[in-house]
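# Coordinates in review
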Amino acid sequence: MNLILHLLLDAAVIFGLAYLMPQVDVKSFGTALLIAVLLGLLNFFIGWVIRFPLNLVTFFLLTGLVRVVVMALLLKLIDNFMDSFTIVGFWPALVIALAVAVAGMFIDRSAPTHEMVQSGYVTVLNLTSKFI
């Protein structure tokens with residue numbers, strides 16, 4: 001369920017920012033959904049290959065910043081392969097990547113999975129405790 005929420009929100013952010021930014025052109029919401037799916041797949045398969053050396057250079061101190069920059073690079077890569085998606089310049093791609101990362105953080109905080117709670121990534125208030 002969390003994956004579907006992430007894909008829909010990422011597509012909505014991409015489509016909304018394409019409406020607001022003149023440097024970004026997305027033909028339809030279906031195209032934005034396809035971009036979100038491709039971004040997730042590329043991030044899973046080759047994103048870590050790009051992130052790992054950059055994190056080594058920064059001694060893992062700038063992990064979040066490296067993740068956003070790599071996501072912007074992957075958006076530019078998707079732009080090169082799709083005719084119905086255009087980003088003019090790197091800064092708009094960086095803005096979209098930052099907005100997608102912030103939106104994903106809000107989803108992770110508001111609807112955490114069981115694994116996220118067990119690992120300590122997020123805490124959940126237990127409001128079902130008994131009062132004596």
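Scroll up a little and you will see the structure.
How each quantity is defined
- Residues numbered from 1 in each chain as written.
- Predicted model: local features only at pLDDT ≥ 70, side-chain atom pairs only at ≥ 80, totals over all residues.
- Heavy atoms only, no water.
- Core = buried A, V, L, I, M, F, W, Y, C linked by side-chain atoms within 4.5 Å.
- Buried < 20%, exposed > 50% of the residue type's maximum accessible area, 1.4 Å probe, protein only.
- Helix = DSSP H or I, 4+ residues; strand = E, 2+ residues; numbered from the N terminus.
- Contact = heavy atoms within 4.5 Å.
- Salt bridge = Lys/Arg side-chain N within 4 Å of Asp/Glu carboxyl O.
- Patch = residues over 30% accessible without salt bridge, like charges linked within 9 Å, V, L, I, M, F, W, Y side chains within 5 Å.
- Areas by Shrake-Rupley, 256 points an atom, 1.4 Å probe, with all protein chains shown as cover.

The tendency in soluble globular proteins is for nonpolar side chains to be buried as a group. One finds Val-24, Val-26, Ile-35, Leu-75, Phe-85 and Ile-96 to be the most contacted residues of the largest nonpolar core, which totals 29 residues. Of all the elements in the fold, those that place two or more residues in this core are helix H1 (2-20), strand S1 (24-26), helix H2 (29-57), helix H3 (63-81), strand S2 (85-87) and helix H4 (91-110). Beyond its immediate stretch of four places on either side in the chain, Phe-85 contacts Val-24, Asp-25, Val-26, Ile-35, Leu-75, Ile-78 and Asp-79.

The full count for this structure, using the stated rule, is two salt bridges. Among the salt bridges present, the one from Lys-27 reaches Asp-25, with a minimum N-O distance of 3.3 Å. Taking relative accessible area as the criterion, Lys-27 reaches 55% and is therefore assigned exposed.

Another point: a nonpolar patch on the surface. On the surface, Met-1, Ile-4, Leu-5, Leu-8, Phe-15, Phe-29, Leu-33, Val-37, Leu-41, Phe-44, Phe-45 and Ile-46 cluster together into a nonpolar patch covering about 1100 Å² of accessible area. Within the residue set of the nonpolar patch, elements represented by two or more residues are H1 and H2. Owing to a relative accessible area of 42%, Leu-41 belongs among the partly exposed residues under this scheme.

The phi angle at Phe-59 is positive, at roughly 55°, despite the residue not being glycine. Relative to the elements of secondary structure, Phe-59 occurs in the loop between H2 and H3. Judged by its relative accessible area of 66%, Phe-59 is exposed. Phi is positive for Phe-60, which is not a glycine, with a value near 60°. Along the chain, Phe-60 turns up in the loop between H2 and H3.

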